[in-house]
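Structural characterization, general
The residues making up each chain are set out below.
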Amino acid sequence: MKRILFKRIALLTLLTSIILPLYSPPVHSQQSSLSEDTIYVDQQAIKTKYMMRNGQLLVPSVFMKHTGVRVNWNDAYQSVVFQFEDKMVSLPVGQKYLDEYSNTTGIWNRHHMLAETIWHNNQTFVSLVDVASKLGMNVHYDAKIRKTFITSHIASAGNIIRRGNPHKKLVALTFDDGPDGMYTPQILDILKKKHTPATFFVIGKQVEAHPQMMQRIVSEGHAIANHTWNHPNLSMVTTSRLVNEIRSTQRIMESTVGRAPDIMRPPYGALTKSDALVLQEMGMRVVMWNVDTLDWSGKSSKEILDIVKRDVSPGGIILQHNFHSEARVLDGTVAALPKIIEELRAEGYQFVTIQTLMDLR
Ligand code: NI
């Protein structure tokens, strides 16, 4: 799966660089102010920054990922490239046209747009109506409520999991952002003492920095999963960056502990429709959570325990963290852990890894 996806991206990138006709240097944008509004994509409300140009709505090119299309940057042509299935369009910065690749004829056709593609604040902005309609979507502006609606016709991915089987009294403890040298050992000590398995969603660069801690996690029987290399908000990055974040983290897990499971969790839970589809094509399952302890914000052990007891249910996925913090914001996490384990066990819950929780769905 991974290989096929990569070959396809590589091929299309190659095609873009070879076939894309005449390129003119980018025109720098005049000052435009950004506003924020909600745009509805397939009936989902999505907040985005935007600007107006020639009476047209311009959105950050990565916004289009919410419609399900892949968004990349072609450095050679300084152009934004949108792809969906066999459709591909390329929009050079500073130009008021797009080039559309025809799969049947193998040539690029140029179409004029209502507004040019521009650079602003290190981002590219594209004309929403031009791109959406060229990719076969419906765009509708409701003047009465002043809202824009897009219908993408692209099906959502089916690989996002928020909880386990609600009829089995199982629960999964999950710890994000490690491994580190400060909290990971304390958490592991408690889990060992309580004979409790957990799942660690690790950051690639943290695995690189703390390989022995990663090995300890695995040797003590816990599950691991991918939490990207650099912890970016994936909804804001290009498709190729998303793929690299996941692949590099899979590789360092594999080289450090000999395995890399097919499970990931996006930082901040932020993921577009396109990102989920790409991850699905890479064979990755996406695991969110349904009990948020908010421990990263420095909650006390009592506050954390109260949240868990209030929100837990059979099949629950509890979100906690294990990152280095000079301000010791995760002291509450460590102090709450033995109590969470004891109290949930007393209520009849059994602790399992994410893998087990999903296998029993
Ligand atoms: Ni995180």
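Throughout what follows, the structure given in this document is the object of discussion.

Procedures and definitions
- Residues numbered from 1 in each chain as written.
- Predicted model: local features only at pLDDT ≥ 70, side-chain atom pairs only at ≥ 80, totals over all residues.
- Heavy atoms only, no water.
- Pairing = 2+ DSSP bridges.
- Helix = DSSP H or I, 4+ residues; strand = E, 2+ residues; numbered from the N terminus.
- Axes fitted to C-alpha atoms, helices over the stretch in contact; angles between N-to-C directions.
- Core = buried A, V, L, I, M, F, W, Y, C linked by side-chain atoms within 4.5 Å.
- Buried < 20%, exposed > 50% of the residue type's maximum accessible area, 1.4 Å probe, protein only.
- Salt bridge = Lys/Arg side-chain N within 4 Å of Asp/Glu carboxyl O.

If you trace the seven strands from one edge of the open sheet to the other, you get β9-β10-β3-β2-β1-β12-β11, paired in mixed fashion. The strands lining the two open edges of the sheet, one partner per strand, are β9 (118-120) and β11 (138-142). Between one strand axis and the next, the sheet turns through 40° on average, direction left out of account. Pairing geometry for strand β1 (residues 35-41) and strand β2 (residues 44-53), over seven bridges, is antiparallel. If you follow Val41 over to β2, its bridge partner there is Gln44.

In terms of nonpolar packing, the biggest core is built from 40 residues, with Val59, Phe63, Met64 and Phe82 touching the most fellow members. Elements supplying a minimum of two residues to this core: β1, β2, β3 (56-60), β5 (79-84), β6 (87-92), α2 (128-134), α6 (239-257) and α7 (273-281). In terms of residue count, the dominant contributor to this core is α7 (four residues). Membership of the second largest hydrophobic core comes to 37 residues, among which are Phe200, Met214, Val312 and Ile341.

The next point concerns the pattern of salt bridges. Tallied over the entire structure, the rule returns 19 salt bridges. The salt bridge involving Asp37 is made with Lys147; its shortest N-O contact spans 2.8 Å. Of this pair, Asp37 sits in strand β1 while Lys147 sits in strand β12 (residues 147-151); the two residues are 110 residues apart in sequence, bridging distant segments of the chain. Asp37 sits in the partly exposed class, given a relative accessible area of 23%. Asp275 is paired through a salt bridge with Lys65; the nearest N and O atoms lie 2.8 Å apart. In this pair, Asp275 sits in helix α7 while Lys65 sits in the loop between β3 and β4 (70-74), placing the two residues 210 residues apart along the sequence. Look at Asp275 and you get buried, because its relative accessible area is 0%. Note on Lys65: relative accessible area 0%, which makes it buried. One continuous salt-bridge network, built from bridges that share partners, spans Asp189, Lys192, Arg216 and Glu220.

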